[in-house]
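A look at the structure
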Amino acid sequence: MGRLRRLPYGANYLRWEEMGELREAIDQRILFRFQTEIESCADRLERLVAERLGTCHALAVHNCTGAIRLALLATQPSVGEVVYIPSVTFVAVAGAVLSCGLIPVMVDVTDSFALDADRLPSDAQRVIVAHMEGHVGPVPRGVPFVIEDCAQALGGRHASGRPAGTDGYAGTFSFHHNKVLTSGEGGLVVTDDAGRARLMRRYHDHGCRRVQGEYPAWEPGSFYGENLVSSEEVAAIQLQQFRHLDEILEGLERGYQLLKEEVTGGRFIVRERPTGDVKLSLRVEFSSERGRDLAASRLREARLPHWTLDRYFLPTHPVLLERSSIFADGFPWSLSPRPPQDPAAFNETRERLARTLCLCVSPEVDELEQKAEAQAFAATLAGV
Ligand SMILES: *Cc1c(COP(=O)(O)O)cnc(C)c1O
């Protein structure tokens, strides 16, 4: 009991006997998606994702950071333009914006750590919302380009029933080791905008027009690009992982409900999640940071998996606080006359983060084990 999960979600489901696509790719001896003679794994993956999400266009790429960059670049911005991002998210979101020559401006979050649309200026053109640890936040209305970063929320749904990632202009997903499904590294971008999907596809493959099995073609009017093309062995593993998505989502849902039943009436409040969330954790909020830290140390001693969201607070991250850059002239920050955003403006959020603890749900164990774990969580927290 109180077993610490050693592997993140999808990694627990990596099994040789399910690697038919990977074996096939190796048997073919072709791991480049544009050289295969049968339908490529990347094509199959994109078709599967488009079907599952009810979206028109899906593109497999190296990772989610690349997916965010493609979604931004396909809006054809001018350098130095502003992109609004949440004050609480992984720094990759800011890095993706900056590496496109754009300026991230932080917008504070609501008490569920989702970007607060009421704080956006009325002329906002580009906004990234990030569905952190499975919480599917709202998509701001009246903004031409909203990117839903679903790196941590594959399989989530909005209150309307729409799959997370399909309610704005584009949605991005990660298959990094720590996410819901994994292929070590890997990403996807989806959109219903056919023209911009075409731009993304070209840019991600050196700006070329690609015909399967042929050398790439650049016609007059082509633009430069990069290489973000996914690889067959990665797509093959992603196909295997997708077969476990519903099982993982159901396991999370069941574990979350059990945890919510057991963990009540301590010196904390439970922040219930809406129906469509990917239930990666039960969030509890203490009245002080000391209380939270004490609870965390007790859970550590009891080997019960938990985490805090402190690391996602961006206003004091060096990239945003010091406006750091690898360029000698500080590009692209150098294009923006704005002073760095004052971290004190986000104090309330920082303070709430410091009181928040996430009790991890283990989807891969059976109901009895989940129940035992939930009881262990409850007993440990009751003593705080
Ligand atoms: C992990 C993560 C990313 C980056 O994903 P990669 O696939 O590692 O590039 C972006 N946004 C959020 C919210 C993440 O958690």
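See the structure above.
All values reported here derive from a predicted model rather than from experimental measurement.

**Observations concerning the packing of aromatic side chains**
The full count for this structure, using the stated rule, is seven aromatic pairs. Between Phe145 and Tyr169, the ring centres sit 5.1 Å apart and the planes meet at 75 degrees, which makes this aromatic pair edge-to-face. In this pair, Phe145 is assigned in strand S5 (residues 145–149) and Tyr169 in the loop between S5 and strand S6 (170–174), connecting sequence segments 24 residues apart. The residues Phe145 and Tyr169 share a single accessibility class, namely buried. Geometrically, the ring pair formed by Phe327 and Phe331 is edge-to-face, given 5.0 Å between the ring centres and 75 degrees between the ring planes.

**A closer look at empty space enclosed by the protein**
In this structure the tally under the stated criterion is four cavities of 30 Å³ or more. Taken as a whole, the largest cavity spans an internal volume of roughly 60 Å³. Along the walls of the largest cavity sit Gly255, Leu259, Cys360, Val361, Ser362, Gln370, Glu373, Ala374 and Phe377, which together make up its complete lining. Counting only elements with at least two residues in the lining of the largest cavity, the list comes to helix H7 (245–262) and helix H11 (367–382). Per-element accounting of the lining of the largest cavity gives the leading share, four residues, to H11. Grouping the amino acids of the lining of the largest cavity by side-chain chemistry returns five nonpolar, three polar and one charged. Its volume calculated, the second largest cavity comes out at about 50 Å³. As for the second largest cavity, its lining consists of Glu21, Glu24, Ala25, Gln28, Ile30, Thr36, Ile38, Glu39, Cys41, Arg44 and Glu232. Here the element with the most residues in the lining of the second largest cavity is helix H1 (residues 20–28); it accounts for four residues. Taken together, the residues that form the lining of the second largest cavity break down as four nonpolar, two polar and five charged.

**As for the sheet that holds strand S11 (residues 356–360)**
With antiparallel pairing, the four strands of this open sheet are ordered in space as S8-S9-S11-S10. Only two strands of the sheet have a single partner each, and these edge strands are strand S8 (268–271) and strand S10 (306–307). Relative to S11, strand S9 (residues 281–286) runs antiparallel, the two sharing five bridges. By the bridge assignment for S11, Arg283 is matched with Cys358.

Reading the values: rules and limits
- Residues numbered from 1 in each chain as written.
- Predicted model: local features only at pLDDT ≥ 70, side-chain atom pairs only at ≥ 80, totals over all residues.
- Heavy atoms only, no water.
- Phe/Tyr/Trp six-rings, centres within 6.5 Å; stacked < 30°, edge-to-face > 60°.
- Helix = DSSP H or I, 4+ residues; strand = E, 2+ residues; numbered from the N terminus.
- Buried < 20%, exposed > 50% of the residue type's maximum accessible area, 1.4 Å probe, protein only.
- 1 Å grid on protein atoms, 1.4 Å probe; cavity = no way out; pocket = protein on both sides within 12 Å on 5 of 7 lines; lining within 4 Å.
- Points joined across faces, edges and corners; volume = space filled by probe spheres on them.
- Nonpolar A, V, L, I, M, F, W, Y, C, P; charged D, E, K, R; others polar.
- Pairing = 2+ DSSP bridges.

Structural measurements only, silent on function.
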